[in-house]
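Chain by chain, the residues:
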Amino acid sequence: MKVFPKIGIKDILCVSLSGDNLKFAYERVSPTHRELVDLVSYTIQGLSDEEITKSVQSTLNSLKLSSPEVIVMVPSHATIAKNIEIPSLDVEEIKEIIDLQAGRHTPYAREEIIVDYINIGAYRENYTKILLIIVTLSVVRRQIDILEKAGLKVEKVYFSSEMIAQFCSQRLKLGQKNNVRTLIHIDANFTDFIQMIKGEIVFVRSIPIGRQHFINEPERYHLRFIEEVKKSFETYQSEDIGPLPEEIILTGSEKEDGELQKLLSEGV
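Summarised in this report is the structure supplied together with it. From a predicted model like this one, the values you see are computed outputs, not experimental measurements.

Quick look at unusual backbone geometry now. At Lys64, a residue that is not glycine, the phi angle is positive and equals roughly 60°. Relative to the elements of secondary structure, Lys64 occurs in the loop between α1 (49–63) and β4 (69–74). Of the residues examined, Lys64 reaches a relative accessible area of 76% and is grouped as exposed. Although it is not a glycine, Lys173 adopts a positive phi angle of roughly 50°. Positionally, Lys173 belongs in the loop between α4 (160–171) and β9 (180–186).

Below you can see the structure in the form of structure tokens.
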């Protein structure tokens, strides 16, 4: 007989509302075990927010979830990501400078944006390299509103590219070496081009090509995709962010992996 079988067990629901797709990842966590229970994806093209809310409620019912911890993912194509240098090494001073200067990197007013950053490390004397992440408040608020109307309370909001990099680093056991690796993650309509060190991103660029483009017009978009990857490498190098990567890791859309691996090895 199991006594208090659910003590210490936590249900986590990760939600990504990105463009034409609504995706869920349901994970169950206990003190001794983590289990990915289910993955769900819907096409929401042309749906109203009310209809999307009903899809969320339907998913909760099918997964038999009542009060999970909810995490929202903000995709890279919905953000502004810039590598900048801050003339300070002090953590609190860096935060203050970023808060004051963030508005210069976006056409939106300061009260319309959410700002965060990843500290890449010291650079030259008294300078710190920063990956600045900016997202409009309306993008996050819309997702929270839809989920709250479905009966969910959002606990955290994460930058999806950062989580993808950390997950791949852990799963592939890339270790803590300072080697740079390129992670190319293909989604339905977009691709994340990520440079990472020790599982942490130091550069990210969103490419507006994904699995659907390869399915509809493979020859045309394969060539465009390779050109976009080249452009991403050139931008990374021109900004002097770090050394060249040792390898490219391709994730996401499985059906195109073999063909893209060949094209990337030949064209990049």
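With respect to the helices, strands and loops of the structure, Gln195 is situated in strand β10 (residues 191–197). Non-local contacts of Gln195, meaning those with residues more than four positions away in its chain, are made with Val180, Arg181, Thr182, Glu200, Ile201, Val202, Phe203, Phe233, Tyr236 and Pro245.

Let us now look at the packing of aromatic side chains. A ring pair, where both rings are aromatic, is described by two values, the distance of the centres and the angle of the planes. Taken as a whole, this structure holds five aromatic pairs when the rule is applied. Judged by centre distance (6.4 Å) and plane angle (85°), the rings of Phe24 and Tyr42 are edge-to-face. With Phe24 in strand β2 (residues 21–30) and Tyr42 in strand β3 (residues 33–43), the pair connects residues that are 18 residues apart, well separated along the chain. You can call Phe24 buried: its relative accessible area is 4%. Seen from their ring centres, Phe193 and Phe203 are 6.1 Å apart, and the 80° between their planes marks the pair as edge-to-face.

What follows is about the layout of surface pockets. Roughly 320 Å³ of volume is contained in the second largest pocket. Considering the residues around the second largest pocket, the lining is formed by 15 residues, among which Asp116, Ile133, Val157, Tyr158 and Phe159 are closest to the centre. Sorting the residues of the lining of the second largest pocket by element identifies β6 (113–122), β7 (128–136) and β8 (154–159) as the ones contributing at least two each. The leading source of residues in the lining of the second largest pocket is β6, at five residues. Looking at the lining of the second largest pocket residue by residue, the class counts come to 12 nonpolar, one polar and two charged.

Summed over the entire model, instances satisfying the criterion amount to one cavity of 30 Å³ or more. Lining the largest cavity are 10 residues, with Leu174, Arg181, Ile197, Lys198 and Gly199 sitting closest to its centre. Looking at the lining of the largest cavity residue by residue, the class counts come to three nonpolar, four polar and three charged.

Two elements in contact, α1 and helix α3 (residues 137–149), have axes whose closest approach is 8 Å; the angle formed by their N-to-C orientations is 55°. Considering their axes alone, α1 and α3 lie oblique with respect to each other. Relative to α3, α1 is oriented so that their crossing is right-handed. Residue-level contacts link Asp49, Ile52, Thr53, Val56 and Gln57 of α1 to Arg142, Ile146, Leu147 and Lys149 of α3. Within the contact of α1 with α3, the residues separate by chemical class into four nonpolar, two polar and three charged.

This brings us to α4. Residues three or four positions apart in an α-helix share a direction because the helix packs 3.6 residues into each turn. The terminal C-alpha atoms of α4, which comprises 12 residues, lie 16 Å apart, in line with the 16 Å expected from a rise of 1.5 Å per residue. Within the span of α4, buried status applies to Ser160, Ser161, Glu162, Ile164, Ala165, Cys168 and Ser169. Looking one or two places after α4, you find Lys173, whose phi comes out positive at around 50°.

Turning our attention to the sheet that holds β7. Taken in spatial order, the three strands make up an open sheet running β5-β7-β6, and their pairing is antiparallel. Edge positions in the open sheet fall to β5 (79–86) and β6, since each of these has one partner strand only. Strand after strand, the sheet turns through a mean of 20° between neighbouring axes, direction not considered.

Bringing the environment of Thr59 into the picture now. Within the fold, Thr59 resides in helix α1. Sequence spacing of Thr59 and Ile164 is 105 residues, and the spatial spacing of their C-alpha atoms is 23 Å. Apart from the residues within four sequence positions on either side, Thr59 is in contact with Phe24, Val40 and Tyr42. Side-chain polar atoms of Thr59 contact the side chain of Tyr42, separated by 3.0 Å.

Conventions and cut-offs
Residues numbered from 1 in each chain as written. Predicted model: local features only at pLDDT ≥ 70, side-chain atom pairs only at ≥ 80, totals over all residues. Heavy atoms only, no water. Helix = DSSP H or I, 4+ residues; strand = E, 2+ residues; numbered from the N terminus. Buried < 20%, exposed > 50% of the residue type's maximum accessible area, 1.4 Å probe, protein only. Contact = heavy atoms within 4.5 Å. Phe/Tyr/Trp six-rings, centres within 6.5 Å; stacked < 30°, edge-to-face > 60°. 1 Å grid on protein atoms, 1.4 Å probe; cavity = no way out; pocket = protein on both sides within 12 Å on 5 of 7 lines; lining within 4 Å. Points joined across faces, edges and corners; volume = space filled by probe spheres on them. Nonpolar A, V, L, I, M, F, W, Y, C, P; charged D, E, K, R; others polar. Axes fitted to C-alpha atoms, helices over the stretch in contact; angles between N-to-C directions. Parallel < 35°, antiparallel > 145°, perpendicular 65-115°, else oblique. Left-handed = near helix turned anticlockwise from the far one by under 90°. Expected span 1.5 Å × (residues − 1). Pairing = 2+ DSSP bridges. Polar contact = N/O pair within 3.5 Å; in protein donor to acceptor, adjacent residues only side chain to side chain.

Coordinates in, geometry out; function isn't part of it.
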